[in-house]
Amino acid sequence: MKILICNCGSTSLKFKLYDMPVGIVMAHGKIERIGVENDAIFQYVNDLTGLKEEADKQNIPSYREGICRFLNCITAKSHGVIRHVTEISRIGYKATVSKGYLGIHELTEEVIQGMRDWLPIAPLHNRAWLDTIAAMREQLPNALFLGCFETAFHRNIPLYRRLYGVPYEWYEKYGLQRLGYHSASHGYIASVLTERYGQEYKAICCHLGGSSSVCAILNGVSVDTSFGMSLQTGLIHANRTGDLDCEAVSFLRAMGVPEEEISAGIHDKGGLHGISGISGDLRYIEKAINEGHVRAQLAVDTFVDGMVRYIGGFYVEMEGLDILTFTGGIGEHSSLVRRLVCQKLSVLGVKLDEAANTNAHGDNDLTQKGSRVRVLVIPTDEEKGIAYETYRFKRA
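1. Quick word on the overall build of the chain
Regarding its fold elements, the chain presents 15 helices and 14 strands. Expected size for 396 residues packed as a compact globule is a radius of gyration near 21 Å; at 21 Å, the chain falls within 12% of this value. Counting over 396 residues, the chain shows a buried share of 50%. Partitioning the intrachain contacts of the chain with sequence separation of at least 6 by distance along the chain shows that 60% fall at a separation of at least 24. Taken as a whole, the chain presents about 18,600 Å² of accessible surface, with 51% of it coming from carbon and sulfur.

The following block contains the structure:
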């Protein structure tokens, strides 16, 4: 079965075509700067032969043109991997959120309407997905479309951990609750841990990158997460504030701060970027720390402290911890962040092998002898996890 996995951003598209159930990647592609006239970047790779097509300064005005270009590549005689797009049986999307549909669902009109209804929760993400799905249906009208929603892995979190201290009727009527995200990543890590260590374990997964979250995993199941109802919550992110007092916006308005400035400060210029004043990219922040930049160090300290606060709470909730896992761009590549987190967690019996941490590349065990907690770096593979979920899906 040929399964296409699609991920989109506000101006980007990523694709991977899998041959299932063997899980072989046949081809992948990436398009950036969609909608920016004559400045889009297109990349395509035939993973079976290594043949590539790369071009910049392209005019790709919408998702539709980007999708068509990728589909043309995978069916091209010279560097394609299939003869016709009808060979694609299913399309799996790393969709964000849909009212009333928090798991893995066929993208029926009801599910699509749920995505529209909850546009206020994830306006940029859901709008991009709605446009992408509509454009893809034009090209592949007979394929099964599946939404692997980013809330799916957290469906079994107990209700008392999902509720806010608001009138219960708001939960019943509007669905106001903590939802959690990064399911594709946390779920993939849980599957790897289960395969390696069996069915019974207490783990905490730190997915750290442009968007960051911590997830408590008990025997392969999410039992708590740092995200709330929106992607704006939890840990500080690269450019988003994370947890913020609900009266902060009203306060800023009262201080005369313009709405545009408030929105930009929360969504685009907050987080690591806002505190450091340098960038949301940790590589630049770490470079500034080495040069003695005080606010750069403050940004990392704030990031680490928030992470440790959640980890400590999850430790108590699970009554212990067997495995601490780092993944995502920062989790996989920042030895500094891993070291600072593990130092603060020494009270829980976490001991990090400093040499292994400094030299870690890819999948690594960073556990020092005598540690009560295994410390791992596991590169996430969200697309692979979604591919298997899409393959296993059965219509009711």
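Resuming the write-up.
2. Overview of the packing of aromatic side chains
Taken as a whole and judged by the stated rule, the model has seven aromatic pairs. On the basis of an interplanar angle of 10 degrees and a centroid distance of 4.4 Å, the ring pair of F15 and F70 is categorised as stacked. Here F15 is found in strand β2 (residues 12–19), whereas its partner F70 is found in helix α1 (residues 63–74), with 55 residues between them in sequence. Exposure class is identical for F15 and F70. Each is buried. Aromatic side chains Y93 and W129 sit 5.6 Å apart centroid to centroid with 90 degrees between the ring planes, which places their arrangement in the edge-to-face category. Of this pair, Y93 sits in strand β6 (residues 88–93) while W129 sits in helix α3 (residues 123–139); the two residues are 36 residues apart in sequence, bridging distant segments of the chain. In terms of burial, Y93 and W129 fall into one category: buried. Every member of this aromatic cluster is reached through a ring pair, and the members are F15, Y44 and F70. The cationic tip of R69 hangs over the ring face of F42; the distance from NZ or CZ to the ring centre is 4.4 Å.

3. Let's talk about helix α11 (residues 294–318)
Over its 25 residues, α11 extends 36 Å from the first C-alpha to the last, a length consistent with the 36 Å expected when each residue adds 1.5 Å. If you check which residues of α11 are buried, you get A296, A299, V300, F303, V304, G306, M307, V308, I311, F314 and M318. E319 occupies a position one or two residues after α11 and carries a positive phi of about 60 degrees.

4. What to know about the packing of helix α6 (residues 183–197) against helix α15 (residues 382–392)
Look at α6 against α15: their axes get within 8 Å of each other, and the N-to-C directions meet at 80 degrees. When the axis of α6 is compared with that of α15, the two are roughly perpendicular. Two secondary-structure elements touch here, α6 through A184, S185 and Y188 and α15 through E382, K384, G385 and I386. Class assignment for the residues of the contact of α6 with α15 results in three nonpolar, two polar and two charged.

5. Looking at the pairing of strand β12 (residues 323–327)
Here β12 lies mainly inside the structure; five of its five residues are buried. Alternating residues of β12 divide into I323, T325 and T327 and L324 and F326, and every residue in both groups is buried. In this sheet, β12 lies alongside strand β9 (residues 202–207) in parallel orientation, the contact comprising five bridges. When the bridges of β12 are listed, C206 appears paired with F326. Relative to strand β14 (residues 374–377), β12 is paired through four bridges, and the arrangement is parallel. By the bridge assignment for β14, L324 is matched with V375.

Parameters at a glance
Residues numbered from 1 in each chain as written. Predicted model: local features only at pLDDT ≥ 70, side-chain atom pairs only at ≥ 80, totals over all residues. Heavy atoms only, no water. Helix = DSSP H or I, 4+ residues; strand = E, 2+ residues; numbered from the N terminus. Rg over C-alpha atoms; globule rule 2.2 N^0.38 Å. Buried < 20%, exposed > 50% of the residue type's maximum accessible area, 1.4 Å probe, protein only. Contact = heavy atoms within 4.5 Å. Areas by Shrake-Rupley, 256 points an atom, 1.4 Å probe, with all protein chains shown as cover. Phe/Tyr/Trp six-rings, centres within 6.5 Å; stacked < 30°, edge-to-face > 60°. Lys NZ or Arg CZ within 6 Å of the ring centre and 35° of its normal. Expected span 1.5 Å × (residues − 1). Axes fitted to C-alpha atoms, helices over the stretch in contact; angles between N-to-C directions. Parallel < 35°, antiparallel > 145°, perpendicular 65-115°, else oblique. Nonpolar A, V, L, I, M, F, W, Y, C, P; charged D, E, K, R; others polar. Pairing = 2+ DSSP bridges.

These figures capture arrangement, not role.
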